[in-house]
Amino acid sequence: MAPAPAGTPVQGIYFDVVDIRSNRRDADGQSVITANRLLDGITVWRAADGSWKERIAESALVSNTEVEDLLSSLKGKAQELGLVGIYGVQVQDDTDGKIIPVTARERIRAFGPSVHPEFSPL
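Worth saying up front: this structure is predicted, and the values here are computed from it rather than measured. (Residues numbered from 1 in each chain as written. Predicted model: local features only at pLDDT ≥ 70, side-chain atom pairs only at ≥ 80, totals over all residues. Heavy atoms only, no water.)

It is not clear to me how helix α1 (residues 67–75) should be interpreted in this structure. Could you clarify?
Think of an α-helix as 3.6 residues a turn; residues three or four steps apart then line up on the same face. Of all the positions in α1, only V67, L70, L71 and L74 are classed as buried. For α1, the angular spread of buried residues about the axis comes to 100°, placing them on one side. Those residues of α1 that are exposed and angled more than 90 degrees off the buried face are D69 and S72. (Buried < 20%, exposed > 50% of the residue type's maximum accessible area, 1.4 Å probe, protein only. Helix = DSSP H or I, 4+ residues; strand = E, 2+ residues; numbered from the N terminus. Arc of directions from axis to C-beta.)

What follows is the structure in structure tokens.
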């Protein structure tokens, strides 16, 4: 079965309007842009200079009011950039000024797996 054309509702939902992962952004918040490298699948984060870094700490903050425009321009260049799955992640600053994703899924992508020897039962 072929996918529905852009703008066609699937079970009443328009998926091409906003990436499903991007729907958790507050209007007055900030986001970072993330993707995966095609070469090795590593999670990367967009830096202020437009390069892609492996550490979220090096990512550039983008106002949630501007993130969709930036995403639109980047998604058109994904293959050229060697990336797949470009989307925005809402973040917050913790008490130390570090960039912390709001959702658990994105924290795992940013900081590593949820299964770590430190958290294993004895």
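Anyway, onward from the coordinates.
Help me understand the packing of aromatic side chains, please; the structure alone is not making it clear to me.
Two aromatic rings are characterised by how far apart their centres lie and by the angle between their planes. Following the criterion strictly, the structure yields 0 aromatic pairs and no others. Taking the ring centre of W45 as reference, the NZ or CZ of R109 above it sits at 5.7 Å. (Phe/Tyr/Trp six-rings, centres within 6.5 Å; stacked < 30°, edge-to-face > 60°. Lys NZ or Arg CZ within 6 Å of the ring centre and 35° of its normal.)

Looking at this structure, how should I read the confidence of the model for the protein chain?
Do not read the predicted coordinates in detail wherever pLDDT is low. Overall, the predicted model of the protein chain reaches an average pLDDT of 81, with 74% of residues at or above 70. Strand β3 (residues 52–53) holds the highest mean pLDDT among the elements of the protein chain, 97, whereas helix α3 (residues 104–111) holds the lowest, 90. Note on residues 14–19: pLDDT under 50 across the span, and 12 contacts to partners over four residues away in sequence or across chains. (pLDDT = per-residue confidence, 0-100. Contact = heavy atoms within 4.5 Å.)

What is the right way to look at the nonpolar core in this model?
Soluble, globular proteins show a tendency: their nonpolar side chains are buried together. In this structure, I33, A35, V44, W52, V62, V67, L70, L71, L74, A78, L83 and I86 together form the largest nonpolar core, which totals 12 residues. Of all the secondary-structure elements, those providing two or more residues to this core are β1 (30–37), α1 and β5 (83–93). Residue contributions to this core peak at 4 residues, all from α1. Ignoring anything within four residues of it in the chain, the contact list for V67 reads R25, S31, I33 and V62. Counting residues in hydrophobic clusters, the runner-up holds 8 residues, among them Y87, V91, I99 and A110. (Core = buried A, V, L, I, M, F, W, Y, C linked by side-chain atoms within 4.5 Å.)

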